[in-house]
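Here's the letter readout for the chains.
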Amino acid sequence: MEVGLIGKPNVGKSTLFNALTLLNVPVGPYPFTTIEANKGVSFVRFPCPHGEKGTPCTPGNAPCDAGTRQVPVHLVDVAGLVPGAHAGKGKGNKFLDDLRQADGYLHVVDLSGGTTPEGVLAEPGSFRPEEEVAFVQEELDLWVAGALGKQWDKASRGWELSGAKLDEAIAGRLTGMGINVGNVQHALRDVPLDHARPSKWTEEDLLHLARDLLRIARPRLVVANKADRVAQEALKDLEGKVAPVPVRATSADLELLLRRAAKAGLISYRPGEGKFQVVEGSRLSGGQQKALDDVGSYLQRWGTTGVIEALESLVFGAMKQIVVFPVEDENRWTDKQGRVLPDAHLVPQGTSARQLAYRVHTDLGEHFVRAIDGRTRRALGADHPLQGGEVLRIVAKR
Ligand SMILES: Nc1nc2c(ncn2[C@@H]2O[C@H](COP(=O)(O)OP(=O)(O)OP(=O)(O)O)[C@@H](O)[C@H]2O)c(=O)[nH]1
Ligand SMILES: [Mg+2]
C-alpha cells in the first residue's frame, strides 16, 4: 500500500513526509525543492490484541508501542504540481509518473493562503486553498483523460467492429496507472454514456469518465497545512467548500519539530497526542524553549498537530483499510517460531480469507483449505470477509 503526497509547490509536502517518516529530505521556502520523488515508510496506529492473551507480542513488521501496533504504510513525496502540469508546465508530467503506484493521495494545501498557484511565497490570505484543491484535481483528471483518449477515434472504432468488451478495452489503456477492470465497470455505471458507440464519445465525456475513475480508484484527503498561521475559521470554510472530500488541518512544521525533539531525547511525545513533556534535566537553548512554547500554544488552540490523524483518516476512512493478524497457531497466536502476533497486515475492507492468504504467500492462496478464527476457533470459508482486528490462521494443503 502506497500513499502519494501531492499538491502545488511549497505547501509543505516534504515537511509532512519528513514528519511522518523521520527522514531528512530537503525542504525550502520556494517552489520545486523536490524534483526526484522521495520514498519512505510511515506508520498508522492500531490496538494490538496481545493483551487478550496476556503475553507480550513479538512484532516483525509492525512494532508495538505500549499496546499500539505501528502498522507500516509506504509514502511517496513528489514534485509540486502547477496549473498546466498535465501539458508539461512546471516539472510537467514527471510527478505523475512518480504517482503511478500510489493507492491514495494526501492532497496538501496551504491553508494560510500564503503561496501563489506556482508556489511562490505571498502574503497570507492572498490565495484561496479551495482553488488549489480544484486545480490540482483537474490536472490529475486531465492526466487520466489524456491516457484514456490517446488515438480514441481509431481505437474505439476498432472495438466497435471487433465487438471487444468495453470495460476490458478501457482498463487495458490504464493498467500503467493501476486502474483495473472493476474500477472501469464502476465508472461506466456512474457516467451516462452510450456503451455501444464509444466512437461517438466527446472529449468532455472522456474527462467525466476520467474524473469518476480517479474518485473511485484513488481515495484522497485534503491536508490543510500551515494551520499554525491561521485561525480555525479557515478550516471550517475550506471544509464547506470541498465537501464531501475529507479535510484535516495540520502543522507539518510543528509535528516535525516535536518528533525530532523527541528523537533527540529532549521531550517525551507520542505522535497524535495533544501534549509533550520536557525531559527532566534536558538543557534547552533559548531558541528551543521558545519553539516549544509556540508548539504548546498551537496545541492549546488546535488539540494536536493533525499529522498522524490525516494519514490515518485517509488509510482507515477514505481508503477503507483494516488491520488483520495472520498467525500459524490459532490457540497461541504464534508463527512457527513461536513469535506472538508477528505480523499486522493492512488490507482493504471486504478482503476475503483466501485473498489474505494470497497476500501472505501465493502458495498459501493456491492451496487454501480454510481459515480458523483465533478467538472463536471457528472455521472460516475462502469467501469469509475479514473483520478489522481479526486474528486468524490460514490452513493450506501442504
Ligand atoms: N508555517 C508553516 N510552514 C510550513 C509548514 N510546513 C511546511 N512549511 C514551510 O513551507 C516551506 C515549504 O516546505 P516543503 O516541505 O519544502 O514544501 P513542498 O510542498 O515539499 O515544496 P516543493 O518540493 O517545492 O513542491 C518550508 O519553508 C517549510 O518550512 C507548516 O506546517 N507551517
Ligand atoms: Mg518537496
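The coordinates are above.
Just so it is clear, the model here is predicted, and its values are computed rather than measured. (Residues numbered from 1 in each chain as written. Chains lettered and ligands numbered in written order. Predicted model: local features only at pLDDT ≥ 70, side-chain atom pairs only at ≥ 80, totals over all residues. Heavy atoms only, no water.)

The next subject is the environment of Glu 123. Mapped onto the elements of the fold, Glu 123 is located in the loop between strand E5 (104–110) and helix H4 (129–148). Residues Glu 123 and Ser 112, 11 residues apart in the sequence, show an inter-C-alpha distance of 9.0 Å. When near neighbours in sequence (up to four residues on either side) are disregarded, Glu 123 contacts Gly 113 and Gly 114. (Helix = DSSP H or I, 4+ residues; strand = E, 2+ residues; numbered from the N terminus. Contact = heavy atoms within 4.5 Å.)

A few words on the coordination of the magnesium ion (ligand 2). On the protein side, the magnesium ion (ligand 2) has Ser 14 (OG) and Thr 34 (OG1) as donor atoms, found 2.0 to 2.1 Å from it. Of this pair, Ser 14 sits in helix H1 (residues 13–21) while Thr 34 sits in the loop between H1 and strand E2 (38–47), placing them 20 residues apart in sequence. The burial state of Ser 14 is the same as that of Thr 34; both residues are buried. (Donors = N, O, S within 2.8 Å, 3.2 Å for Na, K, Ca; no water. Buried < 20%, exposed > 50% of the residue type's maximum accessible area, 1.4 Å probe, protein only.)

When helix H6 (residues 166–174) is considered as a whole, its buried residues turn out to be Leu 166, Asp 167, Ala 169, Ile 170, Ala 171 and Leu 174. Packing partners of the buried residues in H6 comprise H4, helix H5 (152–162), helix H7 (181–190) and helix H8 (203–217).

Turning our attention to the pattern of salt bridges. One pass over the structure, following the stated rule, counts 21 salt bridges. When the shortest N-O distance is used, the salt bridge between Arg 375 and Glu 52 registers 2.8 Å. With a gap of 323 residues between them, Arg 375 in the loop between strand E12 (368–373) and strand E13 (379–380) and Glu 52 in helix H2 (residues 50–53) connect regions that are remote in the sequence. The partner of Lys 275 in a salt bridge is Glu 273, and the shortest N-O contact between them spans 4.0 Å. (Salt bridge = Lys/Arg side-chain N within 4 Å of Asp/Glu carboxyl O.)

Summed over all chains, the structure comprises five aromatic pairs. Relative to Trp 159, the ring of Trp 152 has its centre 5.3 Å away and its plane inclined at 90°; by these criteria the two rings are edge-to-face. Assessed through its relative accessible area of 4%, Trp 152 is described here as buried. Residue Trp 159 is classed as buried on the basis of its relative accessible area of 14%. Relative to Trp 201, the ring of Trp 152 lies with its centre 5.5 Å away and its plane at 25°, an arrangement referred to as stacked. You can see Trp 152 sitting in helix H5 and its partner Trp 201 sitting in the loop between H7 and H8, a full 49 residues away along the chain. Members of the aromatic cluster, connected to one another through ring pairs, are Phe 46, Phe 316 and Phe 325. (Phe/Tyr/Trp six-rings, centres within 6.5 Å; stacked < 30°, edge-to-face > 60°.)

Turning our eyes to something else, we now look at the site of ligand 1. By nearness alone, 23 residues border ligand 1, and Lys 13, Thr 15, Phe 32, Thr 34 and Asp 228 come closest of all. Within the backbone of Val 11, one N or O atom sits 3.1 Å away from an oxygen atom of ligand 1. Here Asp 253 contributes a side-chain N or O atom positioned 3.2 Å from a nitrogen atom of ligand 1. Protein coverage of the free-state accessible area of ligand 1, which is 660 Å², stands at 90%. For the shell around ligand 1, the secondary structure elements donating two or more residues are H1 and helix H10 (252–263). With three residues, H1 is the single largest residue contributor to the shell around ligand 1. Looking at the shell around ligand 1 residue by residue, the class counts come to eight nonpolar, 10 polar and five charged. (Near = heavy atom within 4 Å. Polar contact = N/O pair within 3.5 Å; in protein donor to acceptor, adjacent residues only side chain to side chain. Areas by Shrake-Rupley, 256 points an atom, 1.4 Å probe, with all protein chains shown as cover. Nonpolar A, V, L, I, M, F, W, Y, C, P; charged D, E, K, R; others polar.)

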